[in-house]
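Geometric and topological summary
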Amino acid sequence: MHFKHPEILYFLFLLIVPVLVHLFQLRRFKKEYFTNVRFLKALSIQTRKSSKIKKWLLLACRLLLIAFIILAFAQPFFESKDSKNASNEMYIILDNSFSMQAKGKKGELLKRAVQELLEETPESANFSLLTNNENYWNTDIKTIRSELQNLKYSAVPFQLDNILAKVKAHKSAFKKDIVIITDAVGLTANQLKNIGTDNIPYFIIPKAEQKNNVSIDSVFIRQTLDNFYELSINTTNYSDDFKPISVALYNQNKLAAKTIINFKNKKETINFTIPKQAFHGYVSIEDNDLTYDNKLFFSISKIKKTNIISIGTPEKNNFLSRIYTNDEFNYGSFTLNALDYNSIEKQDAIILNELDEIPQALQTTLKSFVNKGGNLIVIPSETASIPNLNTFLKQFGSTQFQSLETNEKLITKINFSHPLFAGVFESKTNNFQYPKTKKEFTVSDTSPAVLNFEDQSPFLTGIRNAVSSVYVFSAPINISNSNFQQSPLIVPVFYKMALSQLNNGINANIIGNSSSYLVSVLLSKDEILTVKNQEEQFIPVQQLLNNKVQLFFNDYPEKAGNYTIYDSKNPIENISFNYPRTESNLDQVNDNLLSDYKTSDSIATIFDTLQTSRTDNQIWKWFIIFALLFLALEMAVIKFMK
């Protein structure tokens, strides 16, 4: 037994008071003589015996009364089983990712979890609430009732390790109880590493009754015709019941086309043909399960001619004029001596076609050109100065030329997953006539190759940065050294290399993607670009790059949709944003992952468990009851005992 106020026990010395009163209480008697002395002596002896018993009973009652009152004020208690953690702080982690849209027995998982928090959390409980995108520190249920009732689904995926890092960084002198409410979709063992031994985690795992779902994953231009775009829509069916799904295409909120997907496999691609003009809309499906992935917003900008120049001898530049035609490109061919350096910053792409030497002034200008969003294509000359070429390429990456070899090699491998070939090939194929080279340089490089020789050495390498790309060939491709110009690969390779990120087909950004976006606009230092639609408006982080602006969106916007980039009140360009599709598969749950952790059915159970195991058994009330009992007993002795 323990005492909350043990210092009060010193008052037990007061027990000596009734003892002293009992011992020193003196009473005087007067002698009276009667004729029957023998009878009086017997009566006197009987009276004295009953009086002594009464006095001892009163003394005992008073001693016990005072003792129990003093003990009651000292507040005795029996210590709880988990008393060491009674002062722990509580942190509630609530998963509000899109997978929590799934329906359980009592409705959507997130809405049910919020309702349970509002109903079952004690009003006196102090805690911190963390969601995927919001933090509420040291609060209570009354304070954040409104925020919980208006809690929205977050485009930020549920990353338990990141949230636990925030909890860990929140300094406190006490241990922490962590309650994690999540459906565990996408939860991995790596995300549990930040759970320390001092922190006690409790998991509440709401279960979805139906895990069926159909999502729209991506959209791309499958083929560009003279007057039309052929769009391809990739979809995934995360169920075993392949029902037909209605798909609709909207441009400027007007229905443009509609069809039905008949799933034969989990992944299906459907095609739409639309006029070759600007597009600002979305594709949608009718699916009653998760709703966040039922729409994919995208934009196609008005066709802009790409500005491109090649620097080299006219006879070696002739093949480029057949690729970069006037309907899509503003193409110019220049010799090194006739080049106007001032025109370089106006280009979208530049080709260095078999230059023997790259002047230092041109190197400096091209480095600035690449850093500001321009694509650069380098085709080496067999008589090139290797040190000069390596010094130039060192500014962009690790590509370095070594010796020139005279071994004939076949170009046999295509890296279909490289971004350069996105939307170029319908399927992977190795059945084509392999182009070859007679002479080629040995190249050391850590960047991914676009095309490889038969010995796996790189023929074409792509070096990408945030705003542009540098493509480097390892061999001259003039007709005397290679038949690459006669290969079917020549057109898609050079066509895609010339396209900058400003004019690269479909615009369908992912919210939370760290990559930047280039806008072709000339701004003064005091001007800024704004992104907005009818529901949301924000100013992205931006950097001026001569006649371009580089935008960084980070976690904005909060809601997927079609937006427009404005310079003041002037619309510059349309842009679209979508939620990441990381939550679409509801089967991404490892049931054995949380076997070593405490799990519970509800937040009420956790609060009851913690209160029961950490609440001391207060027994001072019993001492008050006994004190009153002895007080009543004392009164009874005084009144009824003679």
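Below is a summary of the structure that appears in this document. If you're wondering where the values come from, they're calculated on a predicted model, not measured in any experiment. (Residues numbered from 1 in each chain as written. Predicted model: local features only at pLDDT ≥ 70, side-chain atom pairs only at ≥ 80, totals over all residues. Heavy atoms only, no water.)

**Structural notes on the overall build of the protein chain**
If you tally the helices and strands in the protein chain, you get 11 helices and 38 strands. The long-range share in the protein chain, meaning contacts at least 24 apart out of those at least 6 apart in sequence, stands at 70%. When the accessible area of the protein chain is evaluated, it comes to approximately 35100 Å², of which 52% is carbon and sulfur surface. (Helix = DSSP H or I, 4+ residues; strand = E, 2+ residues; numbered from the N terminus. Contact = heavy atoms within 4.5 Å. Areas by Shrake-Rupley, 256 points an atom, 1.4 Å probe, with all protein chains shown as cover.)

**So, the side chain of S469**
As for its position among the elements, S469 is in strand 27 (residues 469-473). Once residues within four sequence positions are removed from consideration, S469 is found in contact with G374, N375, L376, I463 and R464.

**Side note on the pairing of strand 18 (residues 329-334)**
Pairing of strand 17 (residues 306-311) with strand 18 involves 6 bridges; the strand directions are parallel. Of the residues in strand 18, the one forming a bridge with I311 is F334. Once the chain exits strand 17 it traverses helix 6 (residues 314-323) before rejoining the sheet at strand 18, and the crossover so formed is right-handed. (Pairing = 2+ DSSP bridges. Right-handed = clockwise from strand over helix to strand, strands pointing away.)

**Section: the packing of helix 6 against helix 9 (residues 490-498)**
Where helix 6 meets helix 9, the axes come as close as 10 Å, and the angle between the chain directions of the two elements is 80°. Overall, the two elements helix 6 and helix 9 adopt an arrangement that is roughly perpendicular. Of helix 9, the residues touching helix 6 (which contributes F319, L320 and I323) are I490, V491, F494 and Y495. Within the contact of helix 6 with helix 9, the residues separate by chemical class into 7 nonpolar, no polar and no charged. (Axes fitted to C-alpha atoms, helices over the stretch in contact; angles between N-to-C directions. Parallel < 35°, antiparallel > 145°, perpendicular 65-115°, else oblique. Nonpolar A, V, L, I, M, F, W, Y, C, P; charged D, E, K, R; others polar.)

**Some thoughts on the packing of aromatic side chains**
One pass over the full model with this rule turns up 28 aromatic pairs. Geometrically, the ring pair formed by F473 and F484 is edge-to-face, given 6.2 Å between the ring centres and 65° between the ring planes. In this pair, F473 is assigned in strand 27 and F484 in the loop between strand 27 and helix 9, connecting sequence segments 11 residues apart. The same class applies to F473 as to F484, namely buried. (Phe/Tyr/Trp six-rings, centres within 6.5 Å; stacked < 30°, edge-to-face > 60°. Buried < 20%, exposed > 50% of the residue type's maximum accessible area, 1.4 Å probe, protein only.)

**Some words on the sheet that holds strand 11 (residues 228-237)**
Pairing is antiparallel across the open sheet formed by 3 strands, whose spatial order is 10-11-14. Both edges of this open sheet fall to strand 10 (214-224) and strand 14 (267-275), since each of them pairs with a single strand only. Between one strand axis and the next, the sheet turns through 25° on average, direction left out of account. For strand 10 and strand 11, the ladder comprises 9 bridges, and the chain directions are antiparallel. Pairing of S215 across the sheet is with T236, part of strand 11.

**Re the nonpolar core**
Ranked by internal contacts, the top residues of the largest apolar core, which has 53 residues, are L94 and L148. Per element, the largest residue contribution to this core is 6 residues, and it comes from helix 3 (residues 109-120). Ignoring anything within four residues of it in the chain, the contact list for L148 reads L94, V114, L117, L118, L129 and I141. Y471, F473, V493 and M497 belong to the second-largest nonpolar core, a separate cluster that totals 33 residues. (Core = buried A, V, L, I, M, F, W, Y, C linked by side-chain atoms within 4.5 Å.)

**A short note on helix 7 (residues 360-371)**
For helix 7, spanning 12 residues, the distance from its first C-alpha to its last is 17 Å, which sits close to the expected 16 Å at 1.5 Å a residue. Those residues of helix 7 that sit buried are L362, Q363, L366, F369 and V370. Along the axis of helix 7, the buried residues cluster in a sector spanning 125°; they form a single face. Of the surrounding elements, those touching the buried residues of helix 7 are strand 19 (349-353), strand 20 (375-379), helix 8 (386-393) and strand 27. Of the residues flanking the end of helix 7, it is G373, one or two places downstream, whose phi is positive at about 105°. (Expected span 1.5 Å × (residues − 1). Arc of directions from axis to C-beta.)

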